[in-house]
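Observations on chain architecture
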Amino acid sequence: MNNPIVTLTTDFGSEDSYVGAMKGVILGICPWAQLVDISHAVPAQDLVKAALLLEECSPCFPPGTVHVCVVDPLVGTDRPAVALSTPQAFFVGPDNGIFGLVWRAACEMWAAEELSVVRLTESRFHRDPVCPTFHGRDIFAPVAAHLARGTPVAELGPPVKTVRFAPIPAPEQQADGSMLGQVLSADRFGNCLTNLSRQDLAAVGPQPSLWVKAGDIVLGEIRATYAAVEPGEPLALIGSNGRLELAVRNGSFGAVTGLSPGALVVVCRGD
Amino acid sequence: MNNPIVTLTTDFGSEDSYVGAMKGVILGICPWAQLVDISHAVPAQDLVKAALLLEECSPCFPPGTVHVCVVDPLVGTDRPAVALSTPQAFFVGPDNGIFGLVWRAACEMWAAEELSVVRLTESRFHRDPVCPTFHGRDIFAPVAAHLARGTPVAELGPPVKTVRFAPIPAPEQQADGSMLGQVLSADRFGNCLTNLSRQDLAAVGPQPSLWVKAGDIVLGEIRATYAAVEPGEPLALIGSNGRLELAVRNGSFGAVTGLSPGALVVVCRGD
Amino acid sequence: MNNPIVTLTTDFGSEDSYVGAMKGVILGICPWAQLVDISHAVPAQDLVKAALLLEECSPCFPPGTVHVCVVDPLVGTDRPAVALSTPQAFFVGPDNGIFGLVWRAACEMWAAEELSVVRLTESRFHRDPVCPTFHGRDIFAPVAAHLARGTPVAELGPPVKTVRFAPIPAPEQQADGSMLGQVLSADRFGNCLTNLSRQDLAAVGPQPSLWVKAGDIVLGEIRATYAAVEPGEPLALIGSNGRLELAVRNGSFGAVTGLSPGALVVVCRGD
C-alpha cells in the first residue's frame, strides 16, 4: 500500500509556527503520511478562496487523499468541525463554507450512499486538551492523521446531512439569454477567475458564437490560449479549472483593466 | 522503523536556492528522510523569532525528529556550530541563541544525563570544502542527515556544557505583585505574543482574578477564546503556545492598537 | 531502492492552486515520489532566475533526481516541451532557456553519449486533454512522474540536439586584461550575484591580486567571508555557488549601494 497523502490548506501564512505544529501532530500519529502543502497564503479568513483552492486541487490527487483545510474565523465558537468522505477523497476542517464546492461536485458525481459527512465529536481522536484558538493543531490535524491511518470516518462522530456553502455568487441568466457573472479572484499573474462554468456558458449558446464583456471592456470571442492575441492584449478563455478566465497575454488583466473581484462579466451570443 | 523527520527553519526566504540546496544535501546522505518546512520566512537574522518557532513547534513532533535551524548572522566567524540531543529531539545549527528556549525547556523536563550538546568539529560529517558563507548547506544539512541516519550525536564533536540564549526579555514582578512583560512578536493575523508564561501569570494570582493592560489599553480579564468579545474588540487570552497573547476578534491587535514588539504588558490582580 | 525525488521550481507563487495541482498529478502517477519545493517565487516569467536556481540547486541532489521547472511565458504556443537526461539528473519543462545553464554544465562534465534531450511528443505520458494554458499540470508533472517511475527518457519523444539558453550576459575580457561582468540577481538578504565565475576571475589573474569595482564603488580584494569587513561595510567574495558575489556585512548590498541587476562589475589586477 502506498503512503497516505495529507494535504494542508490554511490562512496561517509561512512566518509562524502554526503550520509546523500541525505537521508535527500529523506525523506523530501517522509517521508514514506524505504531507503536501496546497497553500498557506489564503487571505486571512477568505472562505471563498479556500473553497476554490480545494475545488481546483483535489481532483488532481489520487483516491484516498486527506485534505485538511483550516480557514476558521469562528474557531472557539460552536461552529461544527466536520469530516467529509467521498470515493475520491477525505476533507477535514470547520464547517463554515470552505467545503461547499467540493461537496456539490461530489453530490453531482457520486451516489448519496457513497458520500458522508460527520461531526468531529469523538474526542479520543483529538489532542487533549484542545486549545480553543487552535483547532487546526488539536482537532483537524489529529483527525486527518487518523483518517490517513485508516480509521473509518464513521468513528469520528455522528453523521450530518450536508455542509455549509461559502457565499460564492451564482451566475444569473438574463431575459435576453445572456449570462451575468462576476470575477471571483485574481491569481499571482493577474489572471481573473470568474464564477462562470462551462455549463453556464453552454446555457447561452455554442462556444464559437459567444462574446464576452467585462466591465466596459469588450473581450470578444473565447480564445483557446493566451497566444491567440498580441502581447499586452486582453482576452477571455477557459481556464485550467474549467471556469471562464480573463487575462492579458504576458501581462496582468487586473493591472491593465483595473477590474478586480466583484467586477461584472457578461457572456452573450455574438452572432 | 519509520522514516526519520528532518525539519528546516531558516531566514533564507523562498525566492533563492538556499533551502533547495540544503534539502538536496540532506537527501543525498539520508534519502529516506521526511523533510518538513517549519518556516523560511524568519525575518533576516531574527534570533528571537527563530527561538520562539522552535519552542512552539518542536514539542508537536514525534521523538527522534531532527530540527535544523539556520539563522546565522555570524556565519564565517568562529561562533560555534552545535548539535543538541534530548529524549524528544535533535537540534542542529549555530550556537547564537536560537536554541536557548528549547534547551531551557529540556533542562526543566529531563535529567542532565539525558541531555547533551556537542560542537560540530568532526569534519568527516561535513561537506568538503565548506563554503564560509553557507554553513547551512555544508555543515548543518549534512550533520542533520547523519543524525537522521542514526549517527550518535557524540561522534559529531566534543561535548560542551550549555548553549547561548537569545536576548528574550524576562518578565519582572513588581513590588505590588503585578507582572511586567512585553510583546515579543506578532503573527500573520496581528495577534501579539508576549513573554508571559502560565507560570508568570500564576505568580500574580489565580487566573479568574487577573487583569491585563497593554500600553494604555485595558484588556481586562483573560478570556478563553476570541469569541468571548465582540468582533473588532481587543482581548487577552492564553495562546496556543501557553503564553499570554493579545488579539482583536476577527481583526489585527497590532493594527487596531498601534502596539508592536517591545510594548509593555502588565498583569495584575483585578479584585 | 530509495524513493525517487521530484523537485519543483515555478513562478506560480504560493497563493493559487497551480502547485498543488501539479503535486497531485505527480503523486497520482508515482505515489512513492518524494516531492521537494525549490522555489515557487521565481518572478513571473523570469527565465534567468529560473536558470540560476536550477544551476545552483541541482548539483546538491542525489543522482536520478527529477527537476521539473515551469516558468513558461510561451505556454500555448509551439515552443517545445523537453526532458533532459544526464548521469546526475533529469530536467523537465519548456525549452525556453531555463535549462541552458544546467545543460552547459552537463556538457562540460560528461561525454556527449551520456547526455540526451528529447521533445515531449508522446502524448500517452501526458494528461488528456491537455489544457493549453497549464502544461505544468498536464504535460510536465505527468512526464516527471513517469521519469520518477523509471520510464526511459527515450520513450518520451524524439531526440533533439540541444536546448535554448536564457539571455544571461557573458563577461567580457577587456584589452587591459580586466574582466567586465554584471549583477544578475539579488537574494533575500540583498547580496548581489554576478555573472563572473571562478574561471572568469582566473583569466584575469591569481586571486590574491584581484581587485573588484561595482558601479562607482571600490570593493577592493576578494574576501573569504563576510566577517572580513566591519558590519555595514561592502565587500566582494566568492559566493556559495562559485560566482563572484557582492555583499554588505549584516546588511543589504543592494540597499546600501543602490546597485541592482544590470549594474556593471569590473575585476582587474590590483598589483
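Here, every reference points to the structure presented above.
1. A short note on the overall build of chain A
Scanning chain A for helices and strands turns up 6 helices and 16 strands. For 271 residues, the compact-globule estimate of 2.2 N^0.38 gives 18 Å, and the C-alpha radius of gyration of chain A, at 20 Å, lies within 12% of that figure. Counting only C-alpha atoms, chain A reaches 60 × 40 × 40 Å along its principal axes. Looking at chain A as a whole, 59% of its 271 residues are labelled buried. In chain A, the share of contacts with a sequence separation of at least 24, taken over all contacts with a separation of at least 6, comes to 65%. When the accessible surface of chain A is totalled, it reaches about 10400 Å², and 53% of it is carbon and sulfur. With 18 positive and 27 negative side-chain charges, chain A shows a spacing of 3 Å between the two charge centroids.

2. Points about the interface of chain C and chain A
Facing the 36 residues of chain C at the interface are 28 residues of chain A. Surface buried jointly by chain C and chain A totals about 2500 Å² across both partners, of which 54% is contributed by carbon and sulfur atoms. Taken together, the links from chain C to chain A amount to 1 salt bridge. Among the ionic pairs, C:Asp16 bridges to A:Lys49, the shortest N-O distance being 2.9 Å. With 8 residues, helix H1 (residues 18-29) of chain C is the single largest residue contributor to the side of chain C that touches chain A. For the side of chain C that touches chain A, a count of residues per class yields 19 nonpolar, 11 polar and 6 charged.

3. Digging into the relation of the copies chain A and chain B
For the pair chain A and chain B, the relating rotation is 120°, the translation along its axis is 0.0 Å, and the fit reaches an RMSD of 0.0 Å. Such a combination of turn and shift is consistent with a three-fold rotation axis. Across chain A, the rotation axis passes nearest the C-alpha of A:Gln34, at a separation of 4.8 Å. In this assembly, only 6% of the residues forming the interface of chain A have copies in chain B that are likewise at the interface, indicating a heterologous arrangement.

4. Details of the interface of chain A and chain B
Contacts between the two partners involve 36 residues from chain A, matched on the other side by 29 residues from chain B. Counting across the interface, chain A meets chain B through 1 salt bridge. Joining chain A to chain B, the criterion identifies 12 residue pairs in polar contact (both at pLDDT 80 or more). When residues in the side of chain A that touches chain B are grouped by element, the largest group, 8 residues, is from helix H1 (residues 18-29) of chain A. For the side of chain A that touches chain B, the per-class residue count stands at 19 nonpolar, 11 polar and 6 charged.

5. Remarks on the pattern of salt bridges
Considering all chains together, one arrives at 21 salt bridges over all chains under this definition. Residues C:Lys23 and C:Asp37 are paired through a salt bridge, measuring 3.0 Å at the closest nitrogen-oxygen approach. Placement of the pair is C:Lys23 in helix H1 and C:Asp37 in strand E2 (residues 34-39), with a sequence separation of 14 residues. Residue classification places C:Lys23 among the buried positions, given a relative accessible area of 5%. Put simply, C:Asp138 and C:Arg137 hold a salt bridge, and the shortest N to O gap is 2.8 Å. Each member of the pair, C:Asp138 together with C:Arg137, is buried. Within this structure, A:Arg127, A:Arg137 and A:Asp138 form a network of salt bridges that share partners.

6. Re the packing of H1(C) against helix H4 (residues 135-149) of chain C
All names here are of chain C. Closest axis-to-axis distance for the H1/H4 pair is 8 Å, and the angle between their directions is 35°. Between H1 and H4 lies a crossing of right-handed hand. Where H1 abuts H4, its residues Ala21, Met22, Val25, Ile26 and Ile29 lie against Gly136, Arg137, Ala141, Pro142, Ala145, His146 and Arg149. Looking at the contact of H1 with H4 residue by residue, the classes come out as 8 nonpolar, 2 polar and 2 charged.

7. So, the relation of the copies chain C and chain A
For the pair of chain copies, the relating transformation is a rotation about an axis with a translation along it. Superposition record for chain C on chain A: RMSD 0.0 Å, screw rotation 120°, translation along axis 0.0 Å. When you check the interface residues of chain C against chain A, a mere 3% turn up at the interface there too, and the two sides of the contact use different surfaces.

8. Some thoughts on the sheet that holds strand E5 (residues 89-94) of chain A
Within a sheet, adjacent strands bond to each other through the backbone by hydrogen bonds, running parallel or antiparallel. Pairing in this open sheet of 7 strands is mixed, and the strands run E2-E1-E3-E5-E4-E6-E7 (chain A) from one edge to the other. Edge strands, defined here as strands with exactly one partner in the open sheet, are strand E2 (34-39) and strand E7 (159-160) of chain A. Direction of pairing for strand E3 (residues 65-70) of chain A relative to E5(A): parallel, over a ladder of 4 bridges. Across the sheet, residue A:Val66 finds its bridge partner in E5(A), namely A:Phe90. Its contacts with the sheet place helix H2 (residues 47-57) of chain A against strand E1 (5-10), E2 and E3 of chain A, and it is angled at close to 170° to E3(A). Along the sheet face, H1(C) touches E1 and E2 of chain A and points at about 150° away from the line of E2(A).

9. Points about the sheet that holds strand E6 (residues 116-119) of chain B
Residues and elements named next belong to chain B. In space, the 7 strands of this open sheet follow the order E2-E1-E3-E5-E4-E6-E7, with mixed pairing throughout. This sheet does not close on itself; its edge strands, each paired only once, are strand E2 (34-39) and strand E7 (159-160). Inspection of the sheet shows E6 paired to E7 by 2 bridges, in the antiparallel sense. The residue bridging valine 117 from the neighbouring strand is valine 160, located in E7. Here helix H2 (residues 47-57) sits on the sheet and contacts strand E1 (5-10), E2 and strand E3 (65-70); the angle it forms with E3, its principal contact strand, is near 170°.

10. With respect to the environment of C:Arg243
Residues and elements named next belong to chain C. Inspection of the secondary structure assignment puts arginine 243 in strand E15 (residues 243-248). Using a relative accessible area of 10% as the deciding quantity, one classes arginine 243 as buried. Put simply, arginine 243 and arginine 119 are 124 residues apart on the chain and 31 Å apart in space, counted from C-alpha to C-alpha.

11. Comments concerning the environment of A:Ser252
All names here are of chain A. Residue placement: serine 252 occurs in the loop between strand E15 (243-248) and helix H6 (253-257). Between the C-alpha atoms of serine 252 and asparagine 191, which are 61 residues apart in sequence, the distance is 6.2 Å. Not counting the four nearest positions on each side in its chain, serine 252 is found in contact with Phe189 and Gly190. Looking at serine 252, its side chain comes within polar contact range of the main-chain nitrogen of alanine 255, at 3.0 Å.

Parameters at a glance
- Residue numbers run consecutively from 1 along every chain, following the written order of its sequence.
- Each chain is given a letter, starting from A, and each ligand a number, starting from 1, according to the order in which they appear as written.
- Under the rules for a predicted model, residues below a pLDDT of 70 receive no local features and side-chain atom pairs below 80 are neither given nor counted, while totals for whole chains, interfaces and linings still include all residues.
- Calculated side-chain values reflect all of the structure's heavy atoms, with hydrogen atoms and water omitted.
- Put simply, DSSP H or I for four residues or longer makes a helix, DSSP E for two residues or longer makes a strand, and each gets a number counted from the N terminus.
- Atoms counted for the radius of gyration: C-alpha only. Globule rule: 2.2 Å times residue count to the power 0.38.
- For every residue, the accessible area (1.4 Å probe, protein chains only) is compared with the maximum for its type, and the residue is labelled buried under 20%, exposed over 50%, or partly exposed between those bounds.
- A contact between two residues is defined here by any heavy atoms of the two lying within 4.5 Å.
- Calculation of accessible area relied on Shrake-Rupley with a 1.4 Å probe; when residues are assessed, cover is drawn exclusively from the protein chains displayed.
- Within this scheme the basic residues Lys and Arg register as positive and the acidic residues Asp and Glu register as negative, but His and the chain ends are omitted.
- To locate a charge, take atom NZ for lysine, CZ for arginine, CG for aspartate or CD for glutamate.
- In this description, buried area is defined as the sum, over both parts, of the accessible area (probe of 1.4 Å) that is lost when the two are combined.
- We define a salt bridge as a side-chain nitrogen of Lys or Arg found within 4 Å of a carboxyl oxygen belonging to Asp or Glu.
- Throughout this entry, Asp, Glu, Lys and Arg are counted as charged residues, while Ala, Val, Leu, Ile, Met, Phe, Trp, Tyr, Cys and Pro are counted as nonpolar. The remaining residues, Gly among them, count as polar.
- Copy-to-copy alignment: least squares on C-alpha atoms, limited to residues at pLDDT 70 or above in both.
- For this analysis, a polar contact is any N or O atom pair within 3.5 Å, provided that within protein one partner can donate a hydrogen and the other can accept it, and provided that sequence-adjacent residues contribute only side-chain to side-chain pairs.
- Orientation is described by axes fitted as lines to C-alpha atoms, over the contacting stretch for helices, and by angles from 0 to 180 degrees between their N-to-C directions.
- Note: crossing handedness is left-handed where the near helix turns anticlockwise from the far helix by less than a right angle, and right-handed where it turns clockwise.
- Strands are treated as partners if at least two bridges between them are detected by DSSP.

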